[in-house]
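Chain by chain, the residues:
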Amino acid sequence: MSLDPAAIDHLARLARLALDPADRARLGADLGRTVAMMDALQQIDVDGVEPLAQPHPLPAGLRPDAVTETDASEALLALSGASHGGYYLVPRVIE
Amino acid sequence: MRPLGRLDTVAGALAALRQGEVGASALAERALARAAEHAALNALVTSSPERAFAAASAAAGSTGALAGIPFVHKDLFCTAGLRTTCASKILDGFVPPYDATVAERLDRAGAVLVGKANMDEFAMGSSNENSAFGPARNPWDVARVPGGSSGGSAALVAAGVVPFATGSDTGGSVRQPAALCGITGLKPTYGRVSRHGMIAYASSLDQAGVLAHTAEDCAHVLAAIAGADPRDATCSARPVDDYVGALGAGVAGLRIGVVAQFFGDGIDPAVAASAREALAALEAAGAVLVDVSLPTLPLSIPAYYVLAPAEASSNLARYDGVRYGHRAEPVADLAELYARSRAEGFGTEVKRRILAGTYVLSAGYYDAYYRRAQRVRRLIADDFARAFESVDLLAGPTTPGTAFRLGEKTDDPLAMYAADVNTVAVNLAGLPAVSLPAPHVGGLPTGLQLIGPAFGEARLLATGHALQQRTDWHAVLPGGGA
Amino acid sequence: MSGGWQAVIGLECHVQLMTRSKMFSGASTAYGAEPNTQACGVDVALPGTLPVPNGEAVRMAVRFGLAVGARVREVSVFARKNYFYPDLPKGYQISQYEEPIVEGGTVRVRGEDGRAFDVPLVRAHLEEDAGKSVHDAFHGSTGIDLNRAGTPLLEVVTEPALHSAADAAAYMKALHQLVVWLGICDGNLQEGSFRCDANVSVRRGADAPLGTRAEIKNVNSFRFVEKAIEYEIERQIRELEAGRAIVQETRLYDETRHQTRSMRGKESAHDYRYFPDPDLPPLVLPDGLLDAERAALPELPEARRARYESALGLSAYDAEQLTLARGIADCFEAVLAHLPGQAKLAANWVLGELAAALNAAGLAHGEGPVSPAALAGLLRRIVDGTLSGKLAKDVFAAMWAGEGDADAVIAARGLGQISDDGALIAAIDAVLAANPKQSEQFRAGDEKVFTWLVGQVMKATRGKANPARLNELLRARLSP
């Protein structure tokens, strides 16, 4: 029932989660069981049923094109563990 | 067990304040003192006494509808200048620079925030055991869970620390802990209350809710927080009903559908019997009970555990260590910054749901799981719509059992997910629902869940009020003076 | 093409919509601010913040859809494109996937050789831009500026229907002209307001199945698009002819080496996990928006160009130049409105003297100190003979310098020819009265003295008398 390790590694990479070996085994087994539980969905005929993404048809709440925000960079950058000269910093990215 | 005091409820405390029997500062002091007495519940993760006393002083001259009433926020409502963590290490030390709409409206109504409540990390859980602060406990039996994810909120109200608390309900996170702690929990219609500033778990299911002792109190609080918000595109522009004014509507002739599936396999017969007893009280008050079947309901757990993790896997991608929150150090490169910040910051259940959500959205599985779950979601919503053609409300036990012991289900995620069996369908359909205290079983509280059609909060609360006028299952506090 | 190869090219152009605020937040979109000063809580993805769509961006997308004859959806859906990158704060980009606001349509293009062709579009959808990474300024680190994050974009996707680098560049120009014309994009290539990705593949002949394609990312000049595609076509043919396979990959154009190179660092196997954004209800067009936009749709460049040739009798060249930008065409028409029947003269001046002055000042048509009405006032003095073409240029320069309208400059500088009969007759009569002898000599048949008399009138009018009219009037005055 457990998801195979390669599949777990692929998901962990997509989700940017480092998994230690114990996590990997445990979460792989749990996900395998969860997927088996989800498979109950395959029992019912849903042909022709329109998918429902949100509960109620809500009218589109469009915003007028107005600048309502002022510079909050000082407060926002202060939340970051690494910023310099007004920029957020990350380890060097090579393109 | 001891009786609920006048100052333990919103309505009672408002009357006492109005009549000058007590001041707002004294109420704040009382709440903080009680919080200290109940520290063992581990329900309050941040206490804000200075803020509380400042708000209490301001409340003295306020005409706000909740002026002077102490409360706590579940720790996922952003509060400007006050730590907001979602009970996650990844938001350790995060102090939001802004207020959630719910926080802003309660401030404006004069309510007095005394602190932030424990919860399951990112609202993922049904026991409050998935918290970076450790589990909160049930005031009726501290060896047991308070339910989740709004476990801290429920425990603090149930213990008489504050008259009300905010919560959020994505699959039962207000109603289930309310039931397990013996209080009233309201989950409004999706879109009735703004989600702005309420940290997201699953956006199409999340809805802010209220935990209090009575339906009447829930009406007071909902009136303060409901209504359109230009900062949330999914918040309804529909006018807000007069919930307090409608409380006396009564239940004569009200048709209540008793949903067969809510009494199915896996429901503790004693808990089912409690729900039936509460329904009998409503029947005695003039309501008409009708048997109803919602055939797609058994698929609500699998549908929910596809859709909610899918949305969560995307909603939680922003926690990457760059702009706020936990940042792993030192790291060799960007990939390590991401993978380690997230691995160190998120707890096991959050990782589980992120992986599950990533799985159901990934290439090759989207149609079989995600899209199929959306179709089943439609069928479930249609089941409800059909039922509401012939009844006014639907009913059943809120939970399959009473509060379980700490650690009882932590090794078995599927057993934990099953705790939501009677609550998740309501979120899938976006409907309003309330959990009302029903007779105790083995010394532990149980809940009766009532579900209404979209935007039917007024009738739900009036029905709860009618029940609570005739019964006293809600009118007790745990502990001394029994 | 050599060896019977056919290139197959599709373009994805990112058109930055010229709204004041962002696609989903109230932060400013103005270019060039200090880093992160225009990134609000929504843009930096603060926990709890939610997107609310900008109605003006929606209107602009609708306008584009109508202009290209596309199907504009009354209900479209925002979706999340999930991937991790430091310039993408939410870990996903809000875009449109299965149900975009605009589907189909065509863009009419004129090639370098004047040949017209239609490029079919697959779709155009609304999305938000990412932030910017700064790689060189920080030791061992990349700096992230989120000012651009959340800026509204319309991504316009063509069918793989182009077959040469020159046609691709011509399409890019035509699309650029169109979106600027529609007033939905400022068209500023340097600031990145208009950027293109090109999907390029080659195949042996038009009937062969499509080859594996490479995507060239983020080219922001017409010339570089052409060069990059040219290079890429040659590279692919070279690879295939050497028996190697083309790898499906993302490539970057190196502007100094005129080469494309494979992009490392970007994940090769993408799995974007698109799904409908649960924070945003389906985008339903506000009542009446489609009709209002349809009614307000401006005459498009191709239509105007044809009208200038057929109805106004302008040359193909003039018609093309006038319709390069809506500002030029509108300026031309505004001049013409004040000067009916003088299309050629108006065109010459709008494209000549006015364009040169605007250009030198770094301004566009519709800007600058000389309004279309003022220019028409000047041209009227050429038509009525007050000014020669040469004098008119001097007057224009004075008008540009702020010395007033044409007549004021003419009066102040005394530049105008006197063509007014009354003034000329008065001057002539004064000269004749002062020189009765010469008048008599002329009447007696001395033709030479006529030239002397003309000289006297010219002297009296300080050279401003209209010579032709002066001749006529003087002769009439002297005749018995």
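Preceding this paragraph is the structure being described.
Residues numbered from 1 in each chain as written. Chains lettered and ligands numbered in written order. Predicted model: local features only at pLDDT ≥ 70, side-chain atom pairs only at ≥ 80, totals over all residues. Heavy atoms only, no water.

Asks: It is not clear to me how the overall build of chain B should be interpreted in this structure. Could you clarify?
Replies: Looking only at helices and strands, chain B has 15 helices and 13 strands in total. Radius of gyration (C-alpha) of chain B: 21 Å, near the 23 Å computed for a compact globule of 482 residues. C-alpha atoms of chain B, sized along the principal axes, occupy 65 × 55 × 45 Å. Per-residue burial for chain B yields a buried fraction of 69% across its 482 residues. Of the contacts formed within chain B by residues at least 6 apart in sequence, a portion of 77% connects residues at least 24 apart. Of the roughly 13,400 Å² of accessible surface on chain B, a fraction of 51% belongs to carbon and sulfur atoms. Measuring between centres, the 40 positive side-chain charges of chain B sit 3 Å from its 45 negative side-chain charges. (Helix = DSSP H or I, 4+ residues; strand = E, 2+ residues; numbered from the N terminus. Rg over C-alpha atoms; globule rule 2.2 N^0.38 Å. Buried < 20%, exposed > 50% of the residue type's maximum accessible area, 1.4 Å probe, protein only. Contact = heavy atoms within 4.5 Å. Areas by Shrake-Rupley, 256 points an atom, 1.4 Å probe, with all protein chains shown as cover. Lys, Arg positive; Asp, Glu negative; His and termini not counted. Charge placed at Lys NZ, Arg CZ, Asp CG, Glu CD.)

Asks: What is the right way to look at helix α10 (residues 334–345) of chain B in this model?
Replies: Each full turn of the α-helix corresponds to 3.6 residues, which orients residues three or four apart in the same direction. Under the 1.5 Å per step criterion, the end-to-end length of α10 of chain B is 16 Å for 12 residues, consistent within 8% with the ideal 16 Å. What α10 of chain B keeps buried is the set Leu334, Leu337, Tyr338, Ala339, Ser341, Arg342, Ala343 and Gly345 of chain B. For α10 of chain B, the elements touching its buried residues are β2 (87–91) of chain A together with α11 (348–361) of chain B. (Expected span 1.5 Å × (residues − 1).)

Asks: Mind showing me how you'd approach the nonpolar core here?
Replies: Across soluble globular proteins, nonpolar side chains show a tendency to be buried alongside one another. Among the nonpolar cores identified, the biggest contains 198 residues, and Leu66, Leu106, Phe122, Phe164, Phe384 and Leu394 of chain B are the most heavily contacted of them. Counting residues per element, this core draws most heavily on helix α12 (residues 366–387) of chain B, at 10 residues. Discounting residues that sit within four places of it in the chain, Leu66 of chain B has contacts with Val10, Leu14, Leu106, Ala109, Gly110, Ala111, Phe164, His220, Val221 and Ala224 of chain B. Formed by 69 residues, the second largest nonpolar core is a distinct cluster that contains Phe78, Tyr92, Ile94 and Val102 of chain C. (Core = buried A, V, L, I, M, F, W, Y, C linked by side-chain atoms within 4.5 Å.)

Asks: Hey, could you run me through the state of the cysteines in this one?
Replies: Chemically, a disulfide is nothing more than a covalent bond linking the sulfur atoms of two cysteines. This model, assessed by the stated rule, comprises 1 disulfide over all chains. There is a disulfide in this structure between Cys13 of chain C and Cys196 of chain C, and the S-S distance comes to 2.3 Å. Classification of the bridge connecting Cys13 of chain C and Cys196 of chain C rests on its S-S torsion, roughly 45°, and on that basis the disulfide is right-handed. A residue pair is termed long-range when its members are at least 10 positions apart, and Cys13 of chain C in strand β1 (residues 5–16) and Cys196 of chain C in strand β12 (residues 194–204) qualify at 183 residues. An identical accessibility class is assigned to Cys13 of chain C and Cys196 of chain C; each is buried. Between Cys78 of chain B, a free cysteine, and Cys86 of chain B, which holds the nearest cysteine sulfur, the sulfur-to-sulfur gap is 7.7 Å. Residue classification places Cys78 of chain B among the buried residues on the basis of a relative accessible area of 0%. Not engaged in a disulfide, the cysteine Cys181 of chain B finds its nearest cysteine sulfur in Cys218 of chain B; these two sulfurs lie 14 Å apart. (Disulfide = S-S within 2.5 Å.)

Asks: Just checking my understanding: could you explain the packing of helix α2 (residues 24–37) of chain B against helix α3 (residues 49–60) of chain B for this structure?
Replies: Each pair of packed helices can be described by the angle between their axes along with the distance between the axes. Residue and element names in this part refer to chain B. Running from amino to carboxyl end, α2 crosses α3 at an angle of 155°, the nearest separation of the two axes being 8 Å. Considering the angle they form, α2 stands roughly antiparallel to α3. For the crossing formed where α2 meets α3, the hand is right-handed. Mapping the contact onto sequence places Ala24, Ser25, Ala28, Glu29 and Leu32 in α2 and Pro49, Ala52, Phe53, Ala56, Ser57 and Ala59 in α3. The residue inventory of the contact of α2 with α3, partitioned by class, reads 8 nonpolar, 2 polar and 1 charged. (Axes fitted to C-alpha atoms, helices over the stretch in contact; angles between N-to-C directions. Parallel < 35°, antiparallel > 145°, perpendicular 65-115°, else oblique. Left-handed = near helix turned anticlockwise from the far one by under 90°. Nonpolar A, V, L, I, M, F, W, Y, C, P; charged D, E, K, R; others polar.)

Asks: Help me understand the side chain of Asp65 of chain A, please; the structure alone is not making it clear to me.
Replies: Mapped onto the secondary structure, Asp65 of chain A falls in the loop between α2 (21–38) and α3 (73–77). Within the structure, the side chain of Asp65 of chain A is placed 2.6 Å from the side chain of Ser21 of chain C, a separation counted as a polar contact. A polar atom in the side chain of Asp65 of chain A sits 3.0 Å from the side chain of Asn54 of chain C. Apart from the residues within four sequence positions on either side, Asp65 of chain A is in contact with Thr19, Arg20, Ser21, Asn54 and Glu56 of chain C. (Polar contact = N/O pair within 3.5 Å; in protein donor to acceptor, adjacent residues only side chain to side chain.)

Asks: I tried to follow the packing of helix α1 (residues 55–67) of chain C against helix α4 (residues 289–296) of chain C on my own but got confused; where do I start?
Replies: Residues and elements named next belong to chain C. Two elements in contact, α1 and α4, have axes whose closest approach is 10 Å; the angle formed by their N-to-C orientations is 55°. As far as their axial angle goes, α4 and α1 are oblique. Where α1 crosses over α4, the handedness of that crossing is right-handed. Along the contact surface, α1 presents Val58, Arg59, Val62, Arg63 and Leu66, while α4 presents Leu289, Leu290, Glu293 and Arg294. When grouped by side-chain class, the residues that make up the contact of α1 with α4 number 5 nonpolar, no polar and 4 charged.

Asks: Teacher, can you tell me more about the packing of aromatic side chains here?
Replies: Residues and elements named next belong to chain B. Tallying each qualifying case throughout the model produces 24 aromatic pairs over all chains. Taken together, a centroid distance of 4.8 Å and an interplanar angle of 80° make the contact between Tyr304 and Tyr305 edge-to-face. Residue Tyr304 is classed as buried on the basis of its relative accessible area of 3%. Lying over the aromatic face of Phe263, Arg276 brings its terminal NZ or CZ to 4.1 Å of the ring centre. Above the face of the Phe404 ring, Lys409 is positioned so that its terminal group lies 4.3 Å from the ring centre. (Phe/Tyr/Trp six-rings, centres within 6.5 Å; stacked < 30°, edge-to-face > 60°. Lys NZ or Arg CZ within 6 Å of the ring centre and 35° of its normal.)

Asks: It is not clear to me how the interface of chain C and chain A should be interpreted in this structure. Could you clarify?
Replies: The partner chain A presents 35 residues to the 54 residues of chain C that form the contact. Carbon and sulfur atoms make up 58% of the surface buried where chain C meets chain A, a total of about 3,700 Å² over both sides. Across the contact surface, chain C and chain A share 1 salt bridge. The closest approach of N and O atoms between Asp136 of chain C and Arg92 of chain A, which form a salt bridge, is 4.0 Å. Inspection of the region where chain C meets chain A yields 19 residue pairs in polar contact (both at pLDDT 80 or more). Mapped by element, the contributors of at least two residues to the side of chain C that touches chain A are α1, β9 (132–138), β10 (141–145) and β17 (283–284) of chain C. (Buried area = accessible area lost by both parts, 1.4 Å probe. Salt bridge = Lys/Arg side-chain N within 4 Å of Asp/Glu carboxyl O.)

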